[in-house]
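So you can see what is in the structure, the chains are spelled out below.
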Amino acid sequence: MKRAFKLLALAVLGLLAIAAIALALMWHARLPQRDGALPLAGLKAPVQVRYDEAGVPHLRAEHEVDLYRALGYVHAQDRLFQMEILRRLARGELAEVLGPKLVDTDRLFRTLAIRQHADAYAAKLDPAAPSTQALEAYLDGINQFQADHPAPIEFMVLGIPKRPFTTADSVSVAGYLAYSFAAAFRTEPALTRVRDQLGPDYLRIFDLGWYAGGVAQGQPAASGATGTTGPAALNPGDRTDLDRLAALSQGALDLAGVPFFEGSNAWAISGARTASGKPLLAGDPHISFAVPAVWYEAHLSSPGFELYGLHQALNPFALVGHNQRFGWSLTMFQNDDLDLIAEKPNPANPNQVWVGGQWVDLQQRQETIQVKGGAPVTLTLRHSPHGPIVNDALDKSVGTKPIAMWWAFLETENPILDAFYRLDRADALPKAREAASLIHAPGLNVVWANAGGDIGWWAAAKLPLRPAGVDPSFVLDGASAEADKPGFLPFAQNPQEENPARGFIVSANHQPAASQPVPGYYNLWDRAQRLDQQLAARGSGWDAAAMQALQLDTQTGYGPRVLAPLLADLRAAATAPGEAALVEQLAAWRGDHPTDAVAPTLFNQFLFDLAREALADELGDEVYALLRRTRALDHALPRLAADATSPWWDRRSTPAVKETRAEVVAAAWRATVTQLKATLGGDPAGWTWGRAHRLTHEHPLGKQPPLDKVFNVGPFDAPGGRETPNNLSGPLAGVPVPITYGPSTRRVIDFAQPGAARGINPVGQSGVWGDRHYADQAAAYVRGESRPQHLDEADVASHVQSTLTLTPH
């Protein structure tokens, strides 16, 4: 018997060993191949791909079309699953591989008409255009890799079938990028509810005015909300639909687990202010964290063209990049290019709405969502003259008004592929300006510099003209002229600067200076002011090291600005032993967020509790939760804190009692101390920001335990915070404070030595689990380190780790 058990045990161990070997071989077969030679059909000549120490490919081709075909191939080696999940999200096809819980997300993206628009857009591309030929070659490279190699492990886990990538997929992903900018979808329902249900006194804290002089060079004078009129009465069901749409919109971004765009820093300094005498350029687009990260770095070279660029999945053209002659970065413009419009339905015919003085039929189309583990879902999607009817995204609408969406991404010609093809080659001001003018949606700030000494910034977007007095911060009335778009502002009138006398340009998602208002959901001005002040204060002598230090700055004026009018109330509220010392820490705090400080932990928890205590009572938990995720609340809180007479301080749930600001501050303080003790312990010395503020890079599969332990990267104690230059942040939240977005890279280029440019990836170059470049930059990123972006030939050659040759086939 013992011998039998022994034999059985040996057999089991043998089977386990065989299984382990099989798994190891299966895993190894899915790793990127970075050396040797591989055939690639369609090449005119061999393409050399040299990989450096960070896994960045340096591609050299004899023909431009070969360059992009090879880029597609090596990009797919590292990021095929990212490409797949992005196209499925943008085209409303996630439920097919992730099951019924993604049906609502798919329904939303089908309703947004990104898929329909992308199909039509792709069909109209000029096949002779260099940008189209480059895109098609790039996609062919992706498809050849996919056809000839085992599917990524995520495909196996989820049962994803292989299928070719198309130009429509690339355009769809551009639509997702534009949608992730569209704060209006998530903001207008909440602001409309405040205006219509609570009234103008409550609306006053929301700073919706326009500052003609901009906000970067100093705190602007107070300005109130401008909107006073609204659509024909929305009933409770309509408002519920709007709230559900806002929640669905935000939830779709959260649930899909792919990066979306949030904010950014970029600045350029003229040679007159630099130590080298040449312009300096810095850029760190703020994008949500994920595994893999959004950018794929690649150095491309062919006769007459060279660029070190950062690429998004399914896009052959770098969205930010540089070479020996020029470079640029991007920030989000934050202009409002999306309007929600309440249509007036015909009581006698629900398929008609009143537009332009007559009843107009709604167009209809049907689409079917395939659902893994469930029955297909057929949608009937409607479209008014103003745009798609977005409450069709709801499983069961309870409103009576169709809500249309006017969106610049759908309503402009938007030659964005050609725009970035040209921007990748824009070595002079006129070329960069022309390329920027072709970006219609989403709105982007292009911050550019060249070795010749020029610097420039263009707010790139097709800006719609609206009737006088219309405030698109609110849901508009489709039956009136409110929703009309009589045309677009000429690009020459967009906010922009070229070689300004001050010697530097800052772009940080703030409202720019412009004589004509540009409605938008701009970020707090504190980050822009901090950058502007630091750049102005130093004067001359700027170098790359000083630029990198400014990128890592963790200070903001926002916290002290909120706290200043509340300190007396806080001192009165701090009655328990030791609490007075905590308040004095806040009083002395400069707004910096290092990992070893307690004050930022106190402030962020207190701000979260103060906002909830003051606003949730009037709005209700669900609407308040939506508002909490918007920039509108960021602007509102300093104005609320400074106004002791605001009606928000009085709780509606206690009509017999009128609460004061001091009482609400005291309640928020008590909640803050209670939460910090519960989460970080009873000793305030341990309430350090690093313990409260941690970064985990989440993989789409890592949303499900125990796969989070396998695919996710982190956690890391992290410095920085909301609207600091080192903007490691997320929506307003209590401790533990989740970090959901931040600098997606930190690039610094001195055009005296562009070959010495530096950057960083928040995680790693590869999206293939188990690859050595899957997470090899994550710890360095949080420490604020950077690495060289090799550009000069001698530098590239000295850092080659392996060489892959792609040969004609």
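Placed above this text is the structure.
A quick note: this is a predicted structure, and the numbers were derived from the prediction, not measured.

**Quick notes on the layout of surface pockets**
Taken as a whole, the largest pocket encloses approximately 860 Å³ of empty space. What lines the largest pocket is a set of 41 residues, among which Asp254, Phe260, Arg629, Pro731 and Thr740 lie closest to the centre. The computed volume of the second largest pocket comes to approximately 740 Å³. Around the second largest pocket, the lining is made up of 34 residues, and of these Trp210, Pro517, Val518, Pro519 and Gly520 lie nearest the centre. Elements supplying a minimum of two residues to the lining of the second largest pocket: strand E20 (464-465) and helix H22 (631-642). No other element matches the 3 residues that H22 contributes to the lining of the second largest pocket. In terms of residue class, the lining of the second largest pocket is built from 20 nonpolar, 9 polar and 5 charged.

**Focus on the sheet that holds strand E23 (residues 496-498)**
With mixed pairing, the 11 strands of this open sheet are ordered in space as E1-E32-E2-E3-E6-E7-E8-E9-E18-E19-E23. Bordering the open sheet on either side are strand E1 (36-40) and E23, each of which pairs with just one other strand. Across the sheet, the mean angle from the axis of one strand to that of its neighbour is 20 degrees, orientation sign disregarded. Bridge count between strand E8 (residues 320-322) and strand E9 (residues 326-332): 2 bridges; the pairing is antiparallel. For glycine 321, the partnering residue across the bridge sits in E9 and is tryptophan 328.

**Here we look at the pattern of salt bridges**
All told, the structure shown has 48 salt bridges when counted by the stated rule. A salt bridge links aspartate 427 to arginine 325, with the shortest nitrogen-to-oxygen separation between them at 3.5 Å. Taken together, the positions of aspartate 427 in the loop between helix H13 (416-423) and helix H14 (429-437) and arginine 325 in the loop between E8 and E9 put the pair 102 residues apart, joining distant regions of the chain. Classification of aspartate 427 by relative accessible area gives partly exposed; the value is 23%. The exposure class of arginine 325 is partly exposed, given its relative accessible area of 41%. Where arginine 382 meets aspartate 392, a salt bridge forms, and the shortest distance between an N and an O atom there is 2.8 Å. Taken together, the positions of arginine 382 in strand E15 (residues 377-384) and aspartate 392 in the loop between strand E16 (387-388) and strand E17 (403-407) put the pair 10 residues apart, joining distant regions of the chain.

**Focus: unusual backbone geometry**
Going from proline 705 to proline 706, the amide bond is cis rather than trans, its omega being 0 degrees. Structurally, proline 706 can be placed in the loop between strand E25 (693-697) and helix H25 (708-711). Cis geometry is adopted by the peptide bond preceding proline 736, which originates at valine 735 and carries an omega value of 0 degrees. Within the chain, glutamine 334 stands out as a residue other than glycine whose phi angle is a positive 70 degrees. When its relative accessible area of 4% is taken as the criterion, glutamine 334 is described as buried.

**Things to note about the pairing of strand E24 (residues 504-507)**
Neither face of E24 is exposed, since Phe504 and Val506 on one face and Ile505 and Ser507 on the opposite face are all buried. Pairing of strand E4 (residues 261-269) with E24, which is carried by 4 bridges, proceeds in the antiparallel orientation. In the strand pairing of E24, alanine 268 is matched with isoleucine 505.

**Observations concerning the packing of aromatic side chains**
For any pair of aromatic rings, the description rests on two quantities: the centre-to-centre distance and the angle between the ring planes. Within the structure shown, the criterion is met by 20 aromatic pairs. Measuring from ring centre to ring centre gives 5.0 Å for tyrosine 202 and tryptophan 648, while their planes differ by 85 degrees; the resulting arrangement is edge-to-face. With tyrosine 202 in helix H10 (residues 200-203) and tryptophan 648 in the loop between H22 and helix H23 (661-680), this residue pair connects regions lying 446 residues apart in the sequence. With respect to burial, tyrosine 202 and tryptophan 648 carry one shared label: buried. Where phenylalanine 326 meets tryptophan 328, the ring centres are 6.1 Å apart and the plane angle is 10 degrees; that geometry is what we call stacked. Across the pair, tryptophan 328 and phenylalanine 326 agree in class, each one buried. Members of the aromatic cluster, connected to one another through ring pairs, are Phe109, Tyr176, Tyr179 and Phe185. When the ring centre of tryptophan 354 is taken as reference, the NZ or CZ atom of lysine 344 above it lies at 6.0 Å.

About the criteria used
Residues numbered from 1 in each chain as written. Predicted model: local features only at pLDDT ≥ 70, side-chain atom pairs only at ≥ 80, totals over all residues. Heavy atoms only, no water. 1 Å grid on protein atoms, 1.4 Å probe; cavity = no way out; pocket = protein on both sides within 12 Å on 5 of 7 lines; lining within 4 Å. Points joined across faces, edges and corners; volume = space filled by probe spheres on them. Helix = DSSP H or I, 4+ residues; strand = E, 2+ residues; numbered from the N terminus. Nonpolar A, V, L, I, M, F, W, Y, C, P; charged D, E, K, R; others polar. Pairing = 2+ DSSP bridges. Axes fitted to C-alpha atoms, helices over the stretch in contact; angles between N-to-C directions. Salt bridge = Lys/Arg side-chain N within 4 Å of Asp/Glu carboxyl O. Buried < 20%, exposed > 50% of the residue type's maximum accessible area, 1.4 Å probe, protein only. Phe/Tyr/Trp six-rings, centres within 6.5 Å; stacked < 30°, edge-to-face > 60°. Lys NZ or Arg CZ within 6 Å of the ring centre and 35° of its normal.

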